[in-house]
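Commentary on secondary and tertiary structure
Take a look at the letters that make up each chain.
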Amino acid sequence: MNTPEWLKPGIYGALIGAVFVGIVGFTWGGWVTGGTANDRAMAMSRNDVVASMVPVCLDMARSDPARTDKLATIRAASTYQRRDALMTAGWATMPGTDAPNRDIAQACLKELDL
């Protein structure tokens, strides 16, 4: 197919413009691929679930009869071992689950203000 000579600059300009818009959109425009959007949505939903379970953890801590002993154990643990101590106390094990959740334990630890 022979394209007219006057049409070639328009075609080249459209191609270069499309590449430029794509580069600018993905670097500065906030465009993301479907996989990245899915990863971000999963992380946001995980964070929301953890945030909604923190009051349950705090309630379990308040209603525990051995609270003072467990808090003393958590306070006595080093800073990087406090999450594991809280998980051992059982406060990060949500009703209906068998194992404690590390993310919930970390968020609950922040709210306990040790």
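The structure displayed is predicted, hence computed values, not measured ones. (Residues numbered from 1 in each chain as written. Predicted model: local features only at pLDDT ≥ 70, side-chain atom pairs only at ≥ 80, totals over all residues. Heavy atoms only, no water.)

A count of helical and extended segments in the protein chain gives five helices and zero strands. Taken from the N to the C terminus, the helices and strands of the protein chain come in the order α-α-α-α-α. The principal-axis extents of the C-alpha atoms in the protein chain amount to approximately 85 × 30 × 20 Å. Taken over 114 residues, the protein chain has a buried fraction of 20%. Nonlocal contacts in the protein chain, meaning residues at least 24 apart in sequence, comprise 50% of its contacts between residues at least 6 apart. Total accessible area computed for the protein chain in this model is approximately 8200 Å², and 60% of it derives from carbon and sulfur atoms. (Helix = DSSP H or I, 4+ residues; strand = E, 2+ residues; numbered from the N terminus. Buried < 20%, exposed > 50% of the residue type's maximum accessible area, 1.4 Å probe, protein only. Contact = heavy atoms within 4.5 Å. Areas by Shrake-Rupley, 256 points an atom, 1.4 Å probe, with all protein chains shown as cover.)

Right, let's talk about the packing of aromatic side chains for a bit. Inspection of the entire model under this criterion finds one aromatic pair. For the ring pair phenylalanine 26 and tryptophan 31, a centre distance of 5.6 Å and an interplane angle of 85° mean the geometry is edge-to-face. (Phe/Tyr/Trp six-rings, centres within 6.5 Å; stacked < 30°, edge-to-face > 60°.)

Relative to the elements of secondary structure, threonine 36 occurs in helix α2 (residues 34-63). What makes threonine 36 partly exposed here is its relative accessible area of 30%. When the C-alpha positions of threonine 36 and proline 65 are compared, they lie 45 Å apart, and in sequence the two are 29 residues distant.

Relative orientation of the contacting elements helix α3 (residues 67-76) and helix α4 (residues 82-89) amounts to 160°, with a least axis distance of 8 Å. Compared by their axis directions, α3 and α4 come out roughly antiparallel. Between α3 and α4 the crossing geometry is right-handed. Residues Lys70, Ile74 and Arg75 of α3 form the contact with α4, whose participating residues are Arg82, Ala85, Leu86 and Ala89. Here the contact of α3 with α4 is built from residues that sort into four nonpolar, no polar and three charged. (Axes fitted to C-alpha atoms, helices over the stretch in contact; angles between N-to-C directions. Parallel < 35°, antiparallel > 145°, perpendicular 65-115°, else oblique. Left-handed = near helix turned anticlockwise from the far one by under 90°. Nonpolar A, V, L, I, M, F, W, Y, C, P; charged D, E, K, R; others polar.)

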